[in-house]
Amino acid sequence: MSENLRESTQQADLMLRMRDLADNAPLPTFAYHPAFVFFEQYVMIMSSTLQTVGITLAVMFVATFVFLVHPTIVLLVFINILMIIVGIFGFMGIWGLTLSSVTMIHLIMSVGFSVDFSAHVCSAFMLAHGGSRQERAQYALVHASGPVFNSGFSSLIGIVVLVFSDSYIFQSFFKIMLLVISFGIIHAVFLIPVLLSWIGPMIAEDSMFQTNANGSCQETDVSAVAYKKQNISSSGNGVLSEKLNSDLFAGNGTIKSPLYETLGYVVEYDNQAYTHL
């Protein structure tokens, strides 16, 4: 007779011990109980969880590398995903969630959820136009971290009703999703922008940025740039001809036309915003 075992690890140990006793018996015997069908998953759950989560992380790494390309950004996203998953594993033990087939499925799903938080902010950093890492990180914080926070908060509102359910499946799903969203928001809003401002990759966008001695980029003044525009003549020879500042600027220093094409770039009204065509 066994005691009332509530922990999955204890139930798995009971099944294995009964099998050992049967194997060492002098007569051909075997141990069986209808509950062993459910206890079987607890024996393999740890190795199966680590294997499936590892495969999912590898797939996410390949997908991130395909879409983000830059190795520093890919590595940063992957490290953030690992940090979120490790945090979920740790808080599962604190919150009383044991490994089972249900929680294993939730953990695999959480890997996919974790990618979004990091990838959006890093993508915004790569698409930002700025002369320094701090400017790019600020752009990513405004244009990506804010929407990520709003989407995460709305997702929390959507799953909060599950906390009132008595089902173990719904309860475990709520707890794991709460951990994923909370950690994802914290990383996207507080951690990733800071890391990007320190070690984010700097890409030479165009000739309008000149490099200082310390390696950072600084915008040059618009009036210091030699503007050239394709000469659209009747002959259509496509010869490049220089345009004087007087052709671009009015007397008060403002730009005469909303957009002025210069060597494939667009110079806007504020004389500081450049967009590559």
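Not measured: the values here are computed from a predicted model.

K.L.:
Can you help me understand the packing of helix α2 (residues 36–68) against helix α4 (residues 101–127) in this one?
P.N.:
Working note: a packed helix pair is described by the angle between its axes plus the distance between those axes. Put simply, α2 and α4 touch, their axes get as near as 10 Å, and they point 20° apart. One finds that α2 runs roughly parallel with respect to α4. In terms of crossing hand, the pair formed by α2 and α4 is right-handed. Where α2 approaches α4, its residues Q41, I45, S48, T49, T52, V53, T56, L57, M60, T64 and L68 are matched on the opposing element by S101, M104, L107, I108, V111, G112, V115, A119 and S123.

K.L.:
Help me out: how do you make sense of the nonpolar core in this one?
P.N.:
Core analysis: the biggest nonpolar cluster contains 42 residues, and I88 and L196 have the highest contact counts within it. Those elements that provide at least two residues to this core are α2, α3 (71–95), α4, α5 (133–159) and α6 (168–199). Here this core takes 11 residues from α6, the largest share from any one element.

K.L.:
Please explain the side chain of Q11 as it appears in this structure.
P.N.:
On the secondary structure map, Q11 appears in helix α1 (residues 8–23). At 2.9 Å, the side chain of Q11 forms a polar contact with the backbone oxygen of L5. Sequence-distant contacts of Q11, defined by excluding residues within four places in its chain, comprise L5, R6, F39 and Y42.

K.L.:
Which parts of the structure should I look at to understand the UniProt feature "transmembrane region" (unreviewed entry) in the protein chain?
P.N.:
Following the UniProt record, one finds the feature "transmembrane region" (unreviewed entry) at residues 42–68, 75–98, 104–128, 140–164 and 176–199. Structurally, residues 75–98 comprises 88% helix and 0% strand, and the distance from its first C-alpha atom to its last is 30 Å.

The rules we used
Position numbers for residues start from 1 in each chain and track the written sequence from start to end. Where local features are concerned, this predicted model is filtered to residues with pLDDT of at least 70; where side-chain atom pairs are given and counted, the filter is 80 or more; whole-chain, interface and lining totals use all residues. Only hydrogens and water are set aside; all other atoms, that is, all heavy atoms of the structure, feed into the side-chain values. For every element, the axis is a line fit to its C-alpha atoms; helices are fit only across the contacting stretch, and the angle between N-to-C directions ranges from 0 to 180 degrees. Secondary structure counts use DSSP, requiring at least four H or I residues in a row for a helix and at least two E residues in a row for a strand, with both numbered from the N terminus. Small angles under 35 degrees read as roughly parallel and large ones over 145 as roughly antiparallel, with 65 to 115 read as roughly perpendicular and the rest as oblique. Whether a crossing is left-handed or right-handed is set by the direction in which the near helix is turned from the far one by less than a right angle, anticlockwise for left-handed and clockwise for right-handed. The contact rule is simple, with two residues in contact once any of their heavy atoms fall within 4.5 Å. Among buried residues, the Ala, Val, Leu, Ile, Met, Phe, Trp, Tyr and Cys ones that are joined through side-chain atoms within 4.5 Å form a nonpolar core. Exposure categories follow from relative accessible area, calculated using a 1.4 Å probe and restricted to protein chains: below 20% of the type maximum is buried, above 50% is exposed, and the middle band is partly exposed. We call two N or O atoms a polar contact when they sit within 3.5 Å, provided that within protein one can donate a hydrogen and the other can accept it, with sequence-adjacent residues counted only if both atoms are side-chain atoms. UniProt positions are given in the numbering used here, feature names are shortened, and annotations may be inferred rather than shown by experiment.

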